[in-house]
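Below, each chain spelled out in residue letters.
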Amino acid sequence: MATTVLVTKGLVKIGASTGVLATDIAAAVDFSDAILSAKISVNVDTIEVPPTLATPKVGRAGSKKYQLDLGYLSNDTSLTTELFSVLWTAAGTPDCTLVFAFQARDGAVSATNPQWQGYFIVDSASLGGTAEALSEGSGSFQLTAAPVRAIV
Amino acid sequence: MDLHGIRTDLAAILAPLGYQSYAYLPDDPQVLPAAVVGVPAAIEYGMTLGSTVAVEIPLTLVFSMTSVQDAQARMDAALSTGVTGSVIDALRTTGSTYWNGSVRVTGAGPVGTVAVGSSNALAVTLTLSLHA
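Residues numbered from 1 in each chain as written. Chains lettered and ligands numbered in written order. Predicted model: local features only at pLDDT ≥ 70, side-chain atom pairs only at ≥ 80, totals over all residues. Heavy atoms only, no water.

Colleague: Could you clarify how one ought to interpret helix H1 (residues 3-14) of chain B in this entry?
Modeller: Structural remark: α-helix, 3.6 residues per turn; residues separated by three or four positions point the same way. All names here are of chain B. The terminal C-alpha atoms of H1 lie 17 Å apart, and with 12 residues this matches the ideal 16 Å at 1.5 Å per residue to within 8%. At its buried positions, H1 is contacted by strand E1 (20-22), strand E2 (34-37), strand E4 (54-64), helix H3 (87-93), strand E5 (100-116) and strand E6 (119-131). For H1, the N-terminal cap is Asp2; the gap from its side-chain oxygen to the backbone nitrogen of His4 is 3.0 Å. (Helix = DSSP H or I, 4+ residues; strand = E, 2+ residues; numbered from the N terminus. Expected span 1.5 Å × (residues − 1). Contact = heavy atoms within 4.5 Å. Polar contact = N/O pair within 3.5 Å; in protein donor to acceptor, adjacent residues only side chain to side chain.)

Quick look at the structure:
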C-alpha cells in the first residue's frame, strides 16, 4: 500500500452556531489568512482491565475526545473578520460554541480532499505577546461530537 | 505578495524624508542621502493557510560624508524615534496595500563606510520584517 505526503494547506472556516450544521458552515467566515496551524485529532482513553490468575492485564477502549487545535494571527481590529474577536465574543456566550470547517488541502471538497466539519467549545482566546513580535494565539478546542467528514 | 510593489512603497515612504531609493548602491555621491532596498534576506512562503508570506528585507541608508558631522547628525535622526527625520518612525507608521499591518524594524547595523563613486559614505543597514 502506498501513501502520499500531505503538506497542510487548505482552509479553516469558523462561524456562529445555530445547531444546523449545513447552514452554519455556509455562513461561516474563511479565516485561512490568519491560521498558522490547524489540526484535528481524537484521543481515546484506555481502560485497564485488572488481571486475574487466569487472565492477563488487558486494555479496553474508553471514552473519546475530539479536538481542534488552532494557531492563529491574533488581532482585534474587527469583530467579524478577526479570529480573535470571534473567539472572544463566543467565549462570552452561554454555550461558548462555534462551528468550524477544516480542509487540509487546497481545492474542491472531494473524496480525496474531505472537509471536516463540526462544533467546538471556545475555552480560550488570546491577544498580544512579546514586544515588537507578532500577536499570535493558539488553542486546543474540544469538539461537541465527532466531526463530520464531508466529501461533497 | 509583490516584491516590486513592496520596494516601490518603501521608496515612497522614504522620499519625503529626503532619501532617493535604489535597488543597488549608487555610484554618484551627489544623490546622497540614499536608501538601498536590497534583495530579500529571507522569504517564508505559506506562513498561514491563506498564503501569507513573511519577508525580511534589508534597507541600507547611505549618507554623504562631505561633512562628517552632518552625516552623523542625519544618521542619528534616521535611527532615532520620536524626532524629525526618523526613518524608524516613518517605516513603522506607514501602511501599504503591499503588506499587511506595519513594517517591523527588527534591527539596525552594522554602521560603516562604503564607497560611493570616488567618495566614502556613511552607511547603516536596517533589517525590515513585513507580512504580505
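Colleague: Help me out: how do you make sense of the pairing of strand E4 (residues 58-73) of chain A in this one?
Modeller: Residues and elements named next belong to chain A. Here strand E3 (residues 35-49) runs beside E4; their pairing, made up of 13 bridges, is antiparallel. Residue pairing in the sheet places Val42 in a bridge with Tyr66 of E4. Taken together, the seven bridges between E4 and strand E7 (residues 136-142) define a ladder with antiparallel strand orientation. Paired with Leu68 across the strands is Phe141, a residue of E7. (Pairing = 2+ DSSP bridges.)

Colleague: Can you walk me through the nonpolar core in this structure?
Modeller: When a protein is soluble and globular, its nonpolar side chains tend to lie buried together. Residue and element names in this part refer to chain B. Ranked by size, the top nonpolar core spans 28 residues in total, and within it Leu10, Leu59, Leu61, Phe63, Leu91, Leu126 and Leu128 carry the most contacts. Contributions of two or more residues to this core are made by H1, E2, E4, helix H2 (68-79), H3, E5 and E6. The residues contacting Phe63, other than those within four sequence positions of it, are Tyr19, Leu32, Pro33, Ala71, Arg74, Met75, Ala78, Ala121, Leu122 and Val124. (Core = buried A, V, L, I, M, F, W, Y, C linked by side-chain atoms within 4.5 Å. Buried < 20%, exposed > 50% of the residue type's maximum accessible area, 1.4 Å probe, protein only.)

Colleague: Explain the sheet that holds E3 of chain A here, please?
Modeller: Working definition: the strands of a sheet are paired by backbone hydrogen bonds and lie parallel or antiparallel to each other. Residue and element names in this part refer to chain A. Judged by pairing direction, the sheet is antiparallel, and its three strands sit side by side in the order E3-E4-E7 without closing on themselves. The open sheet terminates on both sides in strands that have one partner only, identified here as E3 and E7. Each strand of the sheet is rotated relative to its neighbour by a mean of 20°, with strand direction disregarded. (Axes fitted to C-alpha atoms, helices over the stretch in contact; angles between N-to-C directions.)

Colleague: It is not clear to me how the layout of surface pockets should be interpreted in this structure. Could you clarify?
Modeller: One simple way to see leftover space: roll a probe sized like a water molecule over the atoms. Considering only enclosed or pocket space, the largest pocket measures out at about 730 Å³ in volume. Around the largest pocket, the lining comprises 28 residues; the ones closest to its centre are Leu73, Asn75 and Leu134 of chain A together with Asn100 and Gly101 of chain B. Of all elements in the fold, only E5 and E6 of chain B reach the threshold of two or more residues within the lining of the largest pocket. For the lining of the largest pocket, the residue count by class is eight nonpolar, 13 polar and seven charged. For the second largest pocket, the calculated volume is near 180 Å³. Along the walls of the second largest pocket sit 14 residues, with Ala16, Val86, Thr89, Ala90 and Leu98 of chain A positioned nearest its centre. Going through the elements one at a time, strand E1 (11-16), helix H2 (83-91) and strand E5 (97-103) of chain A are the ones with two or more residues in the lining of the second largest pocket. Among the residues making up the lining of the second largest pocket, the classes are represented as eight nonpolar, six polar and no charged. (1 Å grid on protein atoms, 1.4 Å probe; cavity = no way out; pocket = protein on both sides within 12 Å on 5 of 7 lines; lining within 4 Å. Points joined across faces, edges and corners; volume = space filled by probe spheres on them. Nonpolar A, V, L, I, M, F, W, Y, C, P; charged D, E, K, R; others polar.)

Colleague: So what exactly am I meant to see when it comes to the pattern of salt bridges here?
Modeller: This structure, assessed with the given rule, holds three salt bridges over all chains. With a shortest N-O distance of 4.0 Å, Glu48 of chain A and Lys57 of chain A are connected by a salt bridge. The same class applies to Glu48 of chain A as to Lys57 of chain A, namely exposed. Glu132 of chain A is the salt-bridge partner of Arg92 of chain B, the closest N and O atoms lying 3.1 Å from each other. (Salt bridge = Lys/Arg side-chain N within 4 Å of Asp/Glu carboxyl O.)

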